[in-house]
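Chain by chain, the residues run as shown.
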Amino acid sequence: MINSAKTMTQLTLFSDMVVFSSYATQIVMAFMMLTMIFIILPRATVSANRINEVLENISFTADKGETVAFIGSTGSGKSTLINLIPRSTTPPRAKSSSMEST
């Protein structure tokens, strides 16, 4: 088809093919991102619920010079708890965590 056309027509056909493939790629990528949202959103919701469960009943005091260890399975909220100590993360609810440090 392209070989039998004139030079300007060849250029136009080639440009149309490039534009079409670019748009098609953008549409396919948009659907892939939408699919990933539907896959990741339920996982994030479950993880957030588990973290909130852990943070609801946390209360401890760490005296100066003491070593404290947090042990738990993956996703149990250990890192979230550590990030709460210097207040780099705010608790999800005002009453969900009461921690004292000296």
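Bear in mind the structure is a predicted one, so any value in this text is a computation, not a measurement. (Residues numbered from 1 in each chain as written. Predicted model: local features only at pLDDT ≥ 70, side-chain atom pairs only at ≥ 80, totals over all residues. Heavy atoms only, no water.)

1. Quick notes on the overall build of the protein
Part 1 of the reasoning: Summing up its helical and strand segments, the protein has two helices and two strands in all.
Part 2 of the reasoning: Of all 102 residues assigned to the protein, the portion counted as buried reaches 9%.
Part 3 of the reasoning: Taking the intrachain contacts of the protein between residues at least 6 apart in sequence as the baseline, contacts between residues at least 24 apart amount to 54%.
Part 4 of the reasoning: In the form shown here, the protein has an accessible surface area of approximately 8500 Å², with 64% of it arising from carbon and sulfur atoms. (Helix = DSSP H or I, 4+ residues; strand = E, 2+ residues; numbered from the N terminus. Buried < 20%, exposed > 50% of the residue type's maximum accessible area, 1.4 Å probe, protein only. Contact = heavy atoms within 4.5 Å. Areas by Shrake-Rupley, 256 points an atom, 1.4 Å probe, with all protein chains shown as cover.)

2. Focus: a nonpolar patch on the surface
Part 1 of the reasoning: Where nonpolar side chains cluster on the molecular surface, the patch consists of Ile27, Phe31, Leu34, Ile37, Phe38 and Leu41 and spans about 660 Å² of accessible area.
Part 2 of the reasoning: With respect to the secondary-structure elements, Leu41 resides in helix α1 (residues 7–56). (Patch = residues over 30% accessible without salt bridge, like charges linked within 9 Å, V, L, I, M, F, W, Y side chains within 5 Å. Salt bridge = Lys/Arg side-chain N within 4 Å of Asp/Glu carboxyl O.)

3. Thoughts on the environment of Val46
Part 1 of the reasoning: Along the chain, Val46 falls in helix α1.
Part 2 of the reasoning: On the accessibility criterion, Val46 (47% relative accessible area) is partly exposed.

4. Observations regarding the confidence of the model for the protein
Residues shown with low pLDDT carry predicted positions that ought not to be read at fine detail.
Part 1 of the reasoning: Residues at a pLDDT of 70 or more form 78% of the protein, whose mean pLDDT is 79.
Part 2 of the reasoning: By mean pLDDT, the top-scoring element of the protein is α1 (89), and the lowest-scoring one is strand β2 (residues 100–101) (46). (pLDDT = per-residue confidence, 0-100.)

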